[in-house]
Amino acid sequence: MIRLKQEPVKIAGVPVRNHLILAAGVLGTCASSLSRMLRQGAGAVVTKSIGPEPRYGHAGPCVVVLEDGVLNAMGLPNPSREFEQELSLLEGEPVIVSIFGGNPDEFYEVAGWFAKKAQAFELNVSCPHASGFGAQIGTNPDMVKACTEAVKEWKKPVWVKLTPNVTDITAIGKAAEEGGADAIVAINTVRAMRISTGLKRPVLGNVYGGLSGKAIFPIAIRSVYELYEACTIPIVGCGGVSSAEDVIEMMMAGAQGVEIGSAIVNDPDIFRHISEKLYASDGVSPKEVVGCAHV
Amino acid sequence: MIRLKQEPVKIAGVPVRNHLILAAGVLGTCASSLSRMLRQGAGAVVTKSIGPEPRYGHAGPCVVVLEDGVLNAMGLPNPSREFEQELSLLEGEPVIVSIFGGNPDEFYEVAGWFAKKAQAFELNVSCPHASGFGAQIGTNPDMVKACTEAVKEWKKPVWVKLTPNVTDITAIGKAAEEGGADAIVAINTVRAMRISTGLKRPVLGNVYGGLSGKAIFPIAIRSVYELYEACTIPIVGCGGVSSAEDVIEMMMAGAQGVEIGSAIVNDPDIFRHISEKLYASDGVSPKEVVGCAHV
Amino acid sequence: MPMSDGLPFPVTITRVVQESPNVTTIYFDHAFSSKHGQFVMVWAPGIDEIPMALSYPDAITVQRVGDATTALVTKKPGEGIGIRGPFGNGFVIRGKTLAIAGGVGAAPLLRIGLEYPDVTFLLGARTAEELIFYDTLSSACDVRVATDDGSTGYHGYVAGLLNEINMDEYETIVVCGPDPMMRSVLKVLEGRNALDKSQFSMHRYMKCGVGLCGSCCVDPDGVCVCKDGPVFAGQMVIKSELGKYHRNAAGLKEI
Amino acid sequence: MPMSDGLPFPVTITRVVQESPNVTTIYFDHAFSSKHGQFVMVWAPGIDEIPMALSYPDAITVQRVGDATTALVTKKPGEGIGIRGPFGNGFVIRGKTLAIAGGVGAAPLLRIGLEYPDVTFLLGARTAEELIFYDTLSSACDVRVATDDGSTGYHGYVAGLLNEINMDEYETIVVCGPDPMMRSVLKVLEGRNALDKSQFSMHRYMKCGVGLCGSCCVDPDGVCVCKDGPVFAGQMVIKSELGKYHRNAAGLKEI
Ligand SMILES: Cc1cc2nc3c(=O)[nH]c(=O)nc-3n(C[C@H](O)[C@H](O)[C@H](O)COP(=O)(O)OP(=O)(O)OC[C@H]3O[C@@H](n4cnc5c(N)ncnc54)[C@H](O)[C@@H]3O)c2cc1C
Ligand SMILES: Cc1cc2nc3c(=O)[nH]c(=O)nc-3n(C[C@H](O)[C@H](O)[C@H](O)COP(=O)(O)OP(=O)(O)OC[C@H]3O[C@@H](n4cnc5c(N)ncnc54)[C@H](O)[C@@H]3O)c2cc1C
Ligand SMILES: Cc1cc2nc3c(=O)[nH]c(=O)nc-3n(C[C@H](O)[C@H](O)[C@H](O)COP(=O)(O)O)c2cc1C
Ligand SMILES: Cc1cc2nc3c(=O)[nH]c(=O)nc-3n(C[C@H](O)[C@H](O)[C@H](O)COP(=O)(O)O)c2cc1C
Ligand code: FES
Ligand code: FES
C-alpha cells in the first residue's frame, strides 16, 4: 500500500495534525471526549452539530450497530449555546464546530456564538432524520448557498457537509461553492431504516435514520469522485472509512482528508491504528495521491 | 421467526409460485438459466432488462463482489428483440419481462415484442449506470408516468422498478401509480463506485456502478416503508434480501413479495433455502404480515 | 431466534414481580450471558430505550421514574420488549467482597451477593418499604441494612454503615447507587485507604450504548460510561465529575 | 498486500515470455493458489477484464485475439494489471491421465502435465510455429503433437491423435480447446466409451466470473461456466450447446 509522508497538513485553510478527522456527532458533545480523541491521534475533531435551541433528541432506540455499519437517528441532541463553555476548554486545539439551523439567519446566529473559538465551521445541511433541519436544507441548492453565505460573514473557513440523499450531489456541491464554502464534506448518512420482525415495528424511535459505516463506503467514494469532477474547492471524504487503505482510496477519489465516525465502535483507538499504517518517513506526498484515480 | 402459510400467491395480478422472485439482470439472459432458477424454487423470475437495440455492455470489470454486497456496472447488455426466442421456451412459466427504453415510445415498442408472452412487464427506470436509460428516466416523475402509460397500453400488469438515487422516492412512486402501474418494485442498485488503490483508478470499466446486496438492505427497507405510506398499489421489495428473516422484514415494511439478486453469489440455491425456512403449514397468512410494522 | 446484526433482541415477558412500591422485576423468556455489572439497552416499544442492569440472566429490576420505566413496570406477561447488549465491562470480583448498594443500584450487584461465597452486602433505601432484594440476599450472604428514615436497620445513609466495617477484611469493594451516595462512599473509602480496591458502577444518560454518541461521557477524561464502564476504579471515579454534575440528554450540565 | 473485499488484486508484471508469434506468457509478482482448471478475471486497466487460466501460479498465457489480449501481450515488466479470483471449480485428476489441448487451451492443462506423474499430453496447434509449451511439457510427460498443416507431428486435428491412444489405459481425460475441437473430441470419446471419465473446460463470454450476470450460461441446463464450471463432465458437455452455438456479450446466439 502507498504510505504518506508526514508533513504539516492544512485542509481548506484549517491546520490539522494529520489527515484523519473525527466526524461530527461522534463523541462530540463534551470537551473531554473531544480532547480524548485528539490525544488518541485524531488530526482534528468536528463537534456534535450545535443548533439554535437545546434539543434532547429522538426517543430510543437511537442507534443500532449492524454487521457492516451503524444505523442512527439521534435527532441532533445538543446543548446549543451552552456548548461555548466546552469550547473554552479546547482553545488552541484543531476543533471544527458543526452547526445547524432551520434557515440562513439561524446558521448565522449559531455561528456567531462560536466565531471566536472555532478553527472552522462545518455546516450540517445533511442529517437525514431531523425535520426542518439538515437534509431538509441540504437538498435545496438555494438554501445551501444562502446558509453558506450567511456563515461566511464570520470570516472563518466554512466546510459544507452534504447529504447523499439527493438525485445529484454535484448540484448541491456547486451551490456550496457558489456560497463561498472553503470545502465540501461528503457524505453524511444515507437515509435508511430497519424493522424488528419480533416486535413488528421500526427499530428506531424516529422510524427513519441514517446509515453509516462500511456499508456506505462505496457510496461515499462515488460522491467524492463526482464532486471532485464538478467542483474546485477541497473535499473532505467521510463515510465508512475504517482502515489506512480506505483513507488512500478516499484521497485517490479526490479527498484532501477524511472524517471517521462509525469505525470508532469497533476500535476506539482507530486514529492511532490508522496513522501507524498510513504514514511513513519515506512516504509519498499527499499531493500525488489526492484525485489521482481520475482518468 | 414468523412463518408464512403456503397458499396461492398473486402479486399485483401476477400469479407467482411463492413470494421469492429472481431480480432482473441476474442469470436473466437465457431461458435455460431462468428455468433453472424456477426449478430451484424461485416463485417467479424477472428477465434481464431488454431494450430497443442489442447492447454489449460496458467494458470490464463489470462486477466486483464486496464483503457485504456487490458493485456492478454491466451496462444493460441484452439481445433486444431476439430475446423473444428465449421467451418461447418459457411459455406458461411465471416470467416477468424487464424492459427499458430512452423514452415512452421505445418502452411501448419493446413491450410490444413480448406482449403475448410476458406475464407482466417490469420497467427498468432505475439502472444507475447506463446513460440515456434507467435512472435518467426514473428520476423524472413525468417521464416515469409517461413510460408507464405507454406500456399499459398493452393491457398487461406493469411493475415499475424505482431507483433510490433520488431526493424523494415517493414522488416517483406516485408518478408510476398515476401512470397506471400495477405495482412498484423498490429498489434498484444505489449509485456507487470503488477505486483500486493499487492501480490508481476506478475499478469498474464504467467508473460508476450500482451497489446491491446486504449493504443496501436498510436503504431498501426504508424505501419500501416510505412507498407503503405514500402509495396504494402493491410493492415488491428488492435489495439485499438474503434470508427468510429479511423477507419477513421486507413484508412488514410493506412488500407483498421480494426480489432477490446478489444473494445468489453466496448461495445459488438461495430460493430453496429461504423457502424451507419461510413457509410452514401452520404459518400465518401473508396478509397479516404485509405492512404490519407501520405504526 | 437470534436476529442478525445488532438489532434489539425481542423477548417476551413471562413474569412480573413487585419488589417494592416503586420497583418491579421483569422476567423474560431468554437468558443473556453477561458479566455482573454489564448492562443492556431495554426497548419499551413506542416509548424509549433505556439502560438497565440484568438483575438475573433473564430479568431486569426497574424503578419507576419516568415514561420508559413506567411503560416497563406496567407491562404484562406475554408482551414483548427488545434487548440490545449486554454492553460495557463488568465488576472483577476477587476474595472477600463488600457490596454497597443504594436503592435500585442493588440490581447490578445482586448476583454478586448471590453467587460469590464471601460477600457482605450493605443495602440502603429510603424506607423499609423501598428496600429490595433483602430476603433473597439474606439467604445467601451477610446483609446489613440502612434506611434514610430509620424504618428498618441502621438509621441514615448507607455510607454510615461503613463505620462498622473493617475495610482490611475485604479484597474487593463494589458500589452502585445514586451519585450523591457514591460520592459519600468515595469519601469514606478514601479516608480509610480503601479506594484502590473499590469499583463503582456509574450511570449517565445513554443513547447508543456502544461508545459512539458521546451522551454518557464523563469529565475530565472523556471516557464513555457505556463502553469504558459502567464499572470504573474508585481511583478514577473520585477524580471525576461524579456527585458534582452530569449531562442530560441535550448535553447540558445538571447538578 | 491483500485488498479487502473482492476488488481486483493489483499485481506487477515481472517477465514477459513469447511462446509463439501470437501467444505470450505474462509473469507477475504474486502467486495465486488455485486448483488446476480454475480461472481468474484479468483486468487490463482502461481496456477490459477477461477470463484467463493461470498457466502458472504467477502467470497467464495469453493468445492475442482482440483489444484486451493485445493490451496484455504488449505490457512491459513493471506495469500493473488486476486479478480477481481464482474462480470456478477445477479438474479432478485421478490415476493415469490423458490431457487433450487445442491451441491456447493448453494453458489450463499445462500444470497437470508438469505436476502429475503419469500424463499423456496431446498438444494441437495450427502450425509448428504456433505450438506452445512443447519443450516444457516434453521434459515432464509424454507429449504427442498434432498440427493442422502437418508442419510438425501428426498432420491433422488433435482429435486424430486419439486413434493411437488406448483409452482403457487412462483413468482421467481432461480437455480444453476451441469449441469445434472439443466437439470432435466428444464424438471420439463417446464412440470409444470413454466419455464418463472425461472433463472439459468450457469457455463462454464472461463478465462477472461469479455466477451472477448470466452471460456465460450454457443451454440446456442453464449452468454458469464461471461458477458451475469451467470444468464439466463430458456426459454433460455432450448434451450441451457446445460446438453448436454460444452467446456473445449481448446474449445473442452466434455459431
Ligand atoms: C448502566 C446503567 C444501568 C442502570 N440500571 C438500572 C436498573 O437496573 N434499574 C433501574 O431501575 N434503573 C437503572 N438505570 C437507570 C435507568 O436507566 C433510568 O432510570 C431510566 O432511563 C429512566 O427512564 P424514564 O424514561 O423512565 O425516565 P425519564 O423521565 O426519561 O428520566 C428520568 C431520569 O432518568 C434518567 N434517564 C432517563 N433516560 C435515561 C437514559 N437513556 N440513560 C440513562 N439515564 C436516563 C435521567 O437521569 C432522567 O433525569 C441504569 C442506568 C444506567 C446508565
Ligand atoms: C474460463 C476461460 C479461460 C480462458 N483462458 C484463456 C487463456 O488461458 N489464454 C487465453 O489466451 N485465452 C483464454 N480464454 C479466452 C479469453 O478470455 C479471450 O480470448 C479474451 O477474452 C479475448 O478478449 P479480447 O478483448 O482480446 O478480444 P475481443 O476482440 O473482445 O473478443 C475476441 C473473442 O474473444 C472472446 N471473448 C472476448 N471477451 C471475452 C470475455 N469477457 N469472456 C470470454 N470470452 C471473451 C469472444 O469469443 C470474442 O469473440 C479463456 C476464456 C475462458 C472463458
Ligand atoms: C451516532 C451518530 C451521530 C451523528 N451525528 C452527526 C451530527 O450531529 N452532525 C453531522 O453532521 N453528522 C452526524 N453524523 C454523521 C457522521 O458525522 C458521518 O457523516 C457518518 O456517520 C458517515 O461516516 P462514518 O461512516 O465514518 O460514520 C452522526 C453519525 C452517527 C453514527
Ligand atoms: C449483475 C447485476 C445485474 C443487474 N441487472 C439489472 C437489470 O438488467 N435490470 C434491472 O432492473 N436491475 C438490474 N440489477 C439490479 C437488481 O435487479 C436488483 O435491483 C439489485 O441488485 C438489488 O437487489 P439485490 O441486493 O438482491 O441484488 C442488476 C443487479 C446486478 C447485481
Ligand atoms: S451512550 Fe453513546 S457513547 Fe455511551
Ligand atoms: S460470467 Fe457472469 S454468470 Fe458467469
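Counting of residues starts from 1 at the beginning of each chain's written sequence and follows it residue by residue. Lettering for chains starts from A, numbering for ligands starts from 1, and both go in the order in which the items are written. Since the coordinates come from a predicted model, pLDDT governs what is reported: local features require at least 70, and pairs of side-chain atoms require 80 or more to be given and counted, while whole-chain, interface and lining totals use all residues. Excluding hydrogens and water, the side-chain figures rest on all heavy atoms present in the structure.

Caption draft 1: Here's a closer look at the packing of helix α8 (residues 244–253) of chain B against helix α9 (residues 270–278) of chain B. Residue and element names in this part refer to chain B. Axes here mean lines fitted to C-alpha atoms, for a helix over just the part in contact, with angles spanning 0 to 180 degrees between N-to-C directions. Secondary structure is summarised from DSSP: a helix means a run of H or I of at least four residues, a strand means a run of E of at least two, and numbering begins at the N terminus for each. The N-to-C vectors of α8 and α9 enclose an angle of 70°; their axes lie 8 Å apart at closest approach. In this view, α8 runs roughly perpendicular relative to α9, as classed from their interaxial angle. Where α8 abuts α9, its residues Ala244, Val247 and Ile248 lie against Ile274, Lys277 and Leu278. Charged means Asp, Glu, Lys or Arg here, nonpolar means Ala, Val, Leu, Ile, Met, Phe, Trp, Tyr, Cys or Pro, and polar covers whatever is left, Gly included. By residue class, the composition of the contact of α8 with α9 is five nonpolar, no polar and one charged. Note on terminology: angles under 35 degrees are roughly parallel, angles over 145 are roughly antiparallel, angles of 65 to 115 are roughly perpendicular, and the others are oblique. Contacts between residues were defined by any pair of non-hydrogen atoms, one from each residue, lying within 4.5 Å.

Caption draft 2: Region of the structure containing the site of ligand 2. Residues and elements named next belong to chain D. Taken together, 19 residues lie near ligand 2, and Pro51, Thr61, Gln63, Thr69 and Met206 sit nearest. Between ligand 2 and Gln63, the relevant distance is 2.7 Å, taken from an oxygen atom to a main-chain nitrogen or oxygen of the residue. At 2.5 Å, a side-chain N or O of Thr69 approaches an oxygen atom of ligand 2. Notes on ligand 2: free accessible area 850 Å², of which the protein chains cover 75%. For the shell around ligand 2, the secondary-structure elements that each account for two or more residues are β4 (48–53), β5 (59–63) and α1 (67–73). Residues of the shell around ligand 2, tallied by class, amount to 12 nonpolar, five polar and two charged. Split by domain, the residues of the shell around ligand 2 number at least three in each of domain 1 (9–87) and domain 2 (97–254). Throughout, near means a residue has at least one heavy atom within 4 Å of the molecule or strand. For this analysis, a polar contact is any N or O atom pair within 3.5 Å, provided that within protein one partner can donate a hydrogen and the other can accept it, and provided that sequence-adjacent residues contribute only side-chain to side-chain pairs. All accessible-area figures derive from a Shrake-Rupley calculation using a 1.4 Å probe, and residue coverage is judged against the displayed protein chains alone. Domain start and stop points were drawn from an automatic or database domain assignment.

Caption draft 3: Seen up close, helix α6 (residues 169–178) of chain B. Residues and elements named next belong to chain B. In this scheme, a residue with accessible area under 20% of its type's maximum is buried, one over 50% is exposed, and one in between is partly exposed, where area comes from a 1.4 Å probe on protein chains only. Burial in α6 covers these residues: Ile169, Thr170, Ile172, Gly173, Ala175 and Ala176. If you follow the buried residues of α6, they end up packed against α4 (135–138), α5 (141–152), β9 (158–162), β10 (183–186) and α7 (217–230). Just past α6, the residue Gly180 takes up positive phi, approximately 100°.

Caption draft 4: Here's a closer look at the nonpolar core. We define a nonpolar core as any set of buried Ala, Val, Leu, Ile, Met, Phe, Trp, Tyr and Cys residues linked to one another through side-chain atoms lying within 4.5 Å. The biggest cluster of nonpolar side chains holds 287 residues, and the ones touching the most others in it are A:Ile99, A:Phe114, B:Ile99, B:Phe114, C:Ile100 and D:Ile100. Excluding anything up to four places from it in sequence, A:Phe114 contacts A:Ile50, A:Ser80, A:Arg81, A:Phe83, A:Glu84, A:Leu87, A:Val97, A:Ile99 and A:Phe121.

Caption draft 5: Quick peek at the site of ligand 3. Residues and elements named next belong to chain A. Taken together, 22 residues sit near ligand 3, with Ser49, Lys161, Gly213, Gly240 and Ser262 positioned nearest. At 3.2 Å, a backbone N or O of Ile187 approaches an oxygen atom of ligand 3. For ligand 3, whose free accessible area comes to 600 Å², the fraction covered by protein is 98%. For the shell around ligand 3, the residue count by class is eight nonpolar, 12 polar and two charged.

Caption draft 6: Expanded view of the packing of aromatic side chains. Each Phe, Tyr or Trp ring (for Trp, its six-membered ring) is paired with any other whose centre lies within 6.5 Å, and the angle between the two planes then decides the class: stacked below 30 degrees, edge-to-face above 60, tilted in between. With the rule as written, the count across this model stands at 18 aromatic pairs over all chains. Between C:Phe9 and C:Phe32 the ring centres are 5.8 Å apart and the planes differ by 85°, which places this aromatic pair in the edge-to-face class. Here C:Phe9 is found in strand β1 (residues 9–20), whereas its partner C:Phe32 is found in the loop between β2 (23–28) and β3 (39–44), with 23 residues between them in sequence. The pair formed by C:Phe9 and C:Phe32 is uniform in burial state, with each residue classed as buried. With 6.0 Å between their ring centres and 55° between their planes, D:Phe39 and D:Phe87 make a pair best called tilted. Taken together, the residues D:Phe39 in strand β3 (residues 39–44) and D:Phe87 in strand β6 (residues 80–87) connect sequence positions 48 residues apart. When its relative accessible area of 5% is taken as the criterion, D:Phe39 is described as buried. Chaining the aromatic ring pairs together yields one cluster made of A:Phe83, A:Trp113 and A:Phe114. Across from the ring centre of A:Tyr208, 4.3 Å away, lies the NZ or CZ of A:Arg191, which sits over that ring. Whether a charge sits over a ring depends on NZ of Lys or CZ of Arg being within 6 Å of the ring centre and within 35 degrees of the ring normal.

Caption draft 7: Local environment of the side chain of D:Arg247. Examined against the element boundaries, D:Arg247 turns out to sit in strand β16 (residues 246–247). A distance of 2.8 Å separates polar atoms of two side chains, one belonging to D:Arg247 and the other to B:Glu86. A polar contact is formed between the side chain of D:Arg247 and the side chain of D:Asp219, at a distance of 2.7 Å. If we ignore the near neighbours within four places in the chain, the residues touching D:Arg247 are B:Cys30, B:Glu86, D:Tyr205, D:Cys217, D:Asp219, D:Glu241, D:Leu252 and D:Lys253.

Caption draft 8: Up close: the pairing of strand β8 (residues 120–124) of chain A. All names here are of chain A. With five of five residues buried, β8 lies mostly within the body of the structure. Taking every second residue as pointing to the same face, both faces of β8 are buried, with Ala120, Glu122 and Asn124 on one and Phe121 and Leu123 on the other. For two strands to be treated as a pair, DSSP must find no fewer than two bridges joining them. Two elements, strand β7 (residues 95–99) and β8, share four bridges in a ladder whose sense is parallel. Note that in β8 the partner of Ile96 across the bridge is Ala120. Clockwise travel from the first strand over the helix to the second, with the strands pointing away from the viewer, marks a crossover as right-handed. In this fold, β7 hands off to helix α3 (residues 104–114), which returns the chain to β8; that crossover is right-handed. Where β8 lies against strand β9 (residues 158–162), four bridges are found, and the strand directions are parallel. Bridge pairing in β9 places Asn124 opposite Lys161.

Caption draft 9: The arrangement of the interface of chain B and chain D in detail. Listed per partner, the contact involves 46 residues of chain B and 41 residues of chain D. The term buried area refers to how much accessible surface (probe radius 1.4 Å) is lost by two components on association, counted for both of them together. Around 3,300 Å² of area is buried between chain B and chain D when both sides are counted, 60% of it from carbon and sulfur atoms. Any Lys or Arg side-chain nitrogen located within 4 Å of an Asp or Glu carboxyl oxygen qualifies as a salt bridge. Summed over the shared surface of chain B and chain D, the number is three salt bridges. The partner of B:Arg36 in a salt bridge is D:Asp228, and the shortest N-O contact between them spans 2.9 Å. Counting across the chain B and chain D interface gives 13 residue pairs in polar contact (both at pLDDT 80 or more). A per-class count over the side of chain B that touches chain D returns 23 nonpolar, 15 polar and eight charged.

Caption draft 10: Geometry of the side chain of A:Ser98. Looking at the secondary structure, you find A:Ser98 in strand β7. Those residues in contact with A:Ser98, other than ones at most four positions away along the chain, are A:Ala24, A:Val46, A:Thr47, A:Lys48, A:Ser49, A:Ile50, A:Glu122 and A:Asn124.

Caption draft 11: Broad picture of the pairing of strand β2 (residues 23–28) of chain D. All names here are of chain D. Burial of β2 is extensive: six of the six residues sit out of reach of the surface. Taking every second residue as pointing to the same face, both faces of β2 are buried, with Val23, Thr25 and Tyr27 on one and Thr24, Ile26 and Phe28 on the other. Where strand β1 (residues 9–20) meets β2, six bridges bridge the pair, whose relative direction is antiparallel. Its bridge partner being in β2, Ile13 is matched across the sheet by Phe28. The antiparallel pairing of β1 with β2 creates a hairpin that spans two residues between the two strands. Two elements, β2 and β5, share five bridges in a ladder whose sense is antiparallel. Paired with Val23 across the bridge in β5 is Gln63.

Caption draft 12: Representation of the sheet that holds strand β11 (residues 190–192) of chain A in the model. One open sheet holds the four strands; their spatial order is β5-β6-β14-β11 (chain A), and the pairing between them is antiparallel. Of all strands in the sheet, those with a lone pairing partner are β5 (63–66) and β11 of chain A, marking the two edges. Along the sheet, successive strands turn relative to each other by an average axial angle of 30°, direction set aside. Note: strand β6 (residues 69–72) of chain A against strand β14 (residues 209–212) of chain A, three bridges, orientation antiparallel. Of the residues in β14(A), the one forming a bridge with A:Leu71 is A:Leu211. Against the sheet, α7(B) contacts β5, β11 and β14 of chain A, and its axis sits at roughly 60° relative to β11(A).

Caption draft 13: Highlighting the domain arrangement of chain C. Residue and element names in this part refer to chain C. For chain C, the domain assignment lists domain 1 (9–87) and domain 2 (97–254). Spacing between the C-alpha centres of domain 1 and domain 2 amounts to 20 Å. Taken together, the contact pairs 22 residues of domain 1 with 24 residues of domain 2. When domain 1 packs against domain 2, close to 1,900 Å² is buried across both sides, 61% of that on carbon and sulfur atoms. Our count for the domain 1 to domain 2 interface comes out at zero salt bridges. Elements with a contribution of two residues or more to the side of domain 1 that touches domain 2: β1, β2, β3, β4 (48–53), β5 (59–63) and β6 (80–87). For the side of domain 1 that touches domain 2, the element with the most residues is β4, which contributes four residues. Class assignment for the residues of the side of domain 1 that touches domain 2 results in 10 nonpolar, eight polar and four charged.

Caption draft 14: Broad picture of the sheet that holds strand β4 (residues 44–46) of chain B. All names here are of chain B. The eight strands are arranged β3-β4-β7-β8-β9-β10-β15-β16 in a closed barrel whose pairing can be described as parallel. Across the sheet, the mean angle from the axis of one strand to that of its neighbour is 25°, orientation sign disregarded. Alignment of strand β15 (residues 235–238) against strand β16 (residues 255–260), held across four bridges, turns out to be parallel. Across the sheet, residue Val236 finds its bridge partner in β16, namely Gly257. Along the sheet, α5 contacts β7 (95–99), β8 (120–124) and β9; its crossing angle with β9, the most-contacted strand, is approximately 155°. Each of β3 (20–22) and β16 touches α9; the most contacted strand, β3, lies at about 170° to it.

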